[in-house]
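Below are the chains, spelled out letter by letter.
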Amino acid sequence: MAEQALAAEVPADANAHCPGTSSETAGKSAACAGCPNQEICATAPKGPDPDLIAIEQRMRNIKHKILVLSGKGGVGKSTFSAQLAFALAAKSREVGLLDIDICGPSMPKMLGLEGEEIHQSNAGWSPVYVEDNLGVMSIGFMLQNPDDAVIWRGPRKNALIKQFLKDVDWGNIDYLVVDAPPGTSDEHISIAQFLKASNVDGAIIVTTPQEVSIIDVRKEINFCKKVGIPVLGVVENMSGLSQQLDKFRFFSPGPDGSQQDVTEQVMQHLPAELQNCIAQTEVFHASKGGAQLMAKDMQVPFLGRVPLDPLLSRAAEEGRSAFGSKGGSVGNNGKELGHQFMPSLPALQAIIQQLMQLTEGTKPPDESAMQNERNGTLHL
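Residues numbered from 1 in each chain as written. Predicted model: local features only at pLDDT ≥ 70, side-chain atom pairs only at ≥ 80, totals over all residues. Heavy atoms only, no water.

With respect to the packing of helix α4 (residues 77-90) against helix α12 (residues 344-360)
Move 1: Orientation of α4 relative to α12, taken along the N-to-C sense of each, is 70°, at an axis distance of 11 Å. Accordingly, the angle class assigned to the pair α4 and α12 is roughly perpendicular. For α4 against α12, the interelement crossing comes out right-handed. Contacts between α4 and α12 pair Phe80, Gln83, Leu84, Ala87 and Leu88 from the former with Leu348, Ile351, Ile352, Leu355 and Met356 from the latter.
Move 2: Looking at the contact of α4 with α12 residue by residue, the classes come out as 9 nonpolar, 1 polar and no charged. (Axes fitted to C-alpha atoms, helices over the stretch in contact; angles between N-to-C directions. Helix = DSSP H or I, 4+ residues; strand = E, 2+ residues; numbered from the N terminus. Parallel < 35°, antiparallel > 145°, perpendicular 65-115°, else oblique. Left-handed = near helix turned anticlockwise from the far one by under 90°. Contact = heavy atoms within 4.5 Å. Nonpolar A, V, L, I, M, F, W, Y, C, P; charged D, E, K, R; others polar.)

The following block contains the structure:
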């Protein structure tokens with residue numbers, strides 16, 4: 001048994017005579033020289049930690065734990081985390097959303113909780129609740145001024161993440177969604193180590209289509225493989241721009257570089273039955289096949305594509321759900337936010353349905369419908 005535990009602490013690509021990732025000499029001994037994991041092992045917390053027992057006990061009350069990660073910033077990971085939590089809550093699941101982006105907490109804004117504060121009880125820190133079945137925890141609730149910069153080194157970040165995991169009283173819930181910052185640094189190492197014994201379901205990796213993002217996302221997937229976090233799948237976000245045609249503005253370029261607004265003329269010449277069509281165009285060039293080919297190459301699941309959608313951006317900016325409130329119907333017609341068609345909604349629904357199938361074993365929708373939803377398209 002001891003030999004099996006030691007083997008589990010040695011990465012597959014480690015040097016010979018690796019002391020193990022939890023050893024006091026990990027990343028520092030002579031055997032670590034030149035190992036691709038040396039920097040990660042050297043900066044990770046070492047030795048037995050009594051707080052890990054308290055964390056494991058807290059996590060026993062949570063059925064499913066999902067990390068939302070990305071190697072690249074600005075890919076819409078936090079928007080996806082927030083809408084995933086909203087969607088699960090709308091499906092009558094008990095949900096917790098933990099924001100471990102210490103320097104750039106977004107969840108208070110994206111869930112409409114700005115100005116809220118954390119309260120303590122004998123059971124620990126109480127999450128801030130959006131609804132009865134959706135609680136949120138973030139350092140954003142601890143800042144006196146939301147514009148204050150959090151200038152912390154790694155050890156202090158690690159300590160707060162540990163305190164979130166150890167002291168927040170989520171109660172008995174179905175899902176804990178963890179929104180992490182981009183990269184593979186302190187916060188990621190800490191969450192991987194602190195939740196090691198808590199049976200994490202896995203990570204969702206979010207990227208945009210272009211290679212400048214894919215390069216860093218490959219690193220994130222390799223990080224997950226090294227620390228033993230299963231990859232539930234990859235989501236290609238901002239996969240083209242989708243919007244109702246009547247929401248666009250049209251301009252005619254002049255010889256001097258000026259632009260004349262000709263939207264009214266264009267719409268007058270467009271048949272009424274076509275004005276509600278969805279127009280879609282690519283924004284980011286996927287020079288090497290985008291996320292789907294990358295996922296195939298790295299042998300991880302590809303969950304689908306979510307288009308850039310101004311209505312989804314508006315929902316995040318206003319701290320609202322794209323799915324309706326708890327108990328509300330989540331139809332496949334994408335009609336939310338004042339009954340306007342939201343092109344990203346069918347794609348998000350298909351991805352979340354797959355995640356629920358992976359974690360709960362729920363029956364997936366019709367495969368042909370899922371394929372249409374993955375692409376975020378509506379066939380007229």
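Now that the structure is up, let's keep going.
Details of the nonpolar core
Move 1: Membership of the largest hydrophobic core comes to 88 residues, with the highest contact counts inside it found for Phe80, Leu111 and Ile204.
Move 2: Among the elements that take part in this core, α4 stands out by supplying 9 residues, more than any other.
Move 3: Excluding residues that lie within four positions of it along the chain, Ile204 makes contacts with Ile66, Leu67, Val68, Leu69, Phe80, Leu84, Leu232, Gly233, Val235, Leu303 and Leu355. (Core = buried A, V, L, I, M, F, W, Y, C linked by side-chain atoms within 4.5 Å. Buried < 20%, exposed > 50% of the residue type's maximum accessible area, 1.4 Å probe, protein only.)

Some details on α4
Turn by turn, an α-helix covers 3.6 residues, leaving residues three or four places apart pointing in a common direction.
Move 1: The end-to-end C-alpha separation of α4 is 20 Å, in line with the 20 Å expected for 14 residues at 1.5 Å each.
Move 2: Phi turns positive one or two residues past the end of α4, at Ser92, with a value near 65°. (Expected span 1.5 Å × (residues − 1).)

Digging into the pairing of strand β13 (residues 302-308)
Move 1: Counted residue by residue, β13 has 5 buried out of 7 residues, so it is predominantly covered.
Move 2: Bridge count between strand β9 (residues 231-244) and β13: 5 bridges; the pairing is parallel. For Val234, the partnering residue across the bridge sits in β13 and is Phe302. (Pairing = 2+ DSSP bridges.)

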